[in-house]
Amino acid sequence: MLQPDSSGFIQVTSDHAALERKVRILTRLTEISAVLNSTLKLKPLLSYIMDATVEITDSEAASVLLWDHKTDELRFAATTTPGEKSVELVGKKVPLEGSIAGTVLRENRLAIVENVRNDPRHYSKVDKEIEFETRSILAVPMTSKNRVIGVLEAVNKRELPWTQDDCNYVGILAAQAAVAIESAQLVTQLQKANEELNQLDKLKNDFIAIASHELRTPLGVILGYASFLQETSDSHVSEHASKVVNSAMQLRRIIEDLTNLRYLQSNEGDLHRDRVSLSELLRDVEHDITSLAVAKKHHLRFLSPPAQTLVYADRIRMGMAITNVVNNAIRFTPDGGTITVNCEERNGHVIVSITDTGVGFTRDQADRIFEKFYQVEDHMTR
């Protein structure tokens, strides 16, 4: 049995403590791996990596430097360096030549520096700018998919020297961090691209909204005068007026399609329902599409409900829906046809129906008529 003062007892105790520390650190590395794989937000990810580095190596601070492939520059991405000016370090460029981190990145191998004053590679300019004294550094390359993406530094170990265990642990942490950082960067880039696409989509929708609104008024005037000129006794004028009407109606259809497409793709799906006078709603629809009906010599009939009939609906969307169906009837009914808009009450509900004298569609085509750009008749045959 070993005596308390025997050298053998002291050696066993020391080995046992070292083994416990290794187990504790390896357990911590396992926990860190789980955390790194569970977050894709770059800022908290970097903070967690540096805190773990300081804890595992028993150092004063840690830093992450990332390589920017677009500018070919190595910059500080984050640091736990104490002091009010440490925040100024983020974004600072570090030269590839004449710095420890630059050497680690270029050569893709770790660097152990016990005393930076004796190492000409130490980039002392950073210390002066943030009023911090760097004494020792352990710098490890962060590699993902056989490509170095940055450098992880542990700074000022409290009890030198840096050990082989420190190198191994920081190397494991750097490998885990590299994969997590690259994934977070990809997500950030994807989010940025998505925001840019959303902005472009909004600009497109705004343009369509403004263009369709501004084109409606002059187009209505053109249709009105052209329809009037169609009735003149001068066959030459009437013929030209008919061409103007046909072209104007084609432009009107394009405007309606653009407006519908905007609402379909802008995710403006919220309904703002209120009590709406159905007769007023139908009068607005009639006013909007009369010029089109007259241009095609249609007989348009609105069998409006009593003035006191109220419905609970989104006025704008309901008006668009009815207008679209009536426009469709006008568009595909041969000239001189009849379009009827009728309303009737059934069991507390109001049914609005639109009928026309056009060709219509079969029951098996009913499931597809509301698909975008679908037409029963192939548009290329017209």
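Residues numbered from 1 in each chain as written. Predicted model: local features only at pLDDT ≥ 70, side-chain atom pairs only at ≥ 80, totals over all residues. Heavy atoms only, no water.

Caption draft 1: Focus on the sheet that holds strand β1 (residues 59–68). Here six strands make up an open sheet; going across it, the order is β3-β2-β1-β6-β5-β4 and the pairing antiparallel. Across the chains shown, the open sheet's two edge strands, defined by having one partner strand only, are β3 (93–94) and β4 (111–113). With two bridges connecting them, strand β2 (residues 73–79) and β3 associate as antiparallel partners. Bridge assignment links Leu74 to a residue of β3, and that residue is Val94. Where helix α2 (residues 42–57) meets the sheet, it contacts β1, β2 and β6 (147–157), and its direction lies at approximately 140° from that of β1. Along the sheet face, helix α5 (residues 164–230) touches β1, β4, β5 (137–144) and β6 and points at about 45° away from the line of β5. (Pairing = 2+ DSSP bridges. Helix = DSSP H or I, 4+ residues; strand = E, 2+ residues; numbered from the N terminus. Contact = heavy atoms within 4.5 Å. Axes fitted to C-alpha atoms, helices over the stretch in contact; angles between N-to-C directions.)

Caption draft 2: Local environment of the pattern of salt bridges. A complete count under the given rule lists 15 salt bridges for this structure. Between Arg106 and Glu97 there is a salt bridge, and its shortest N-O distance comes to 3.6 Å. For Glu97, a relative accessible area of 58% puts it in the exposed group. Residue Glu107 pairs with Arg109 through a salt bridge whose shortest N-O separation is 2.7 Å. Counted as one network, the salt bridges with shared partners bring together Glu73, Arg75 and Lys93. (Salt bridge = Lys/Arg side-chain N within 4 Å of Asp/Glu carboxyl O. Buried < 20%, exposed > 50% of the residue type's maximum accessible area, 1.4 Å probe, protein only.)

Caption draft 3: How the structure looks around unusual backbone geometry. Here the residue pair Leu160 and Pro161 is connected by a cis peptide bond, since its omega of 10° sits within 30 degrees of zero. Note that Pro161 resides in the loop between β6 and α5. In this model, Glu131 sits at a positive phi of 55°, which is unusual for a non-glycine residue. Look at Glu131 and you get exposed, because its relative accessible area is 61%. You will see that Lys297, though not glycine, has its phi angle at about 60°, which is positive. Summarising the element assignment, Lys297 is placed in the loop between α7 (278–295) and β8 (299–303).

Caption draft 4: Quick look at the pairing of β1. In terms of residue burial, β1 counts as a mostly covered element, since eight of its 10 residues are buried. For β1 and β6, the ladder comprises seven bridges, and the chain directions are antiparallel. By the bridge assignment for β6, Leu65 is matched with Val151. Across six bridges, β1 lies against β2 in antiparallel orientation. When the sheet's bridge partners are listed, Trp67 is paired in β2 with Leu74.

Coordinates in, geometry out; function isn't part of it.
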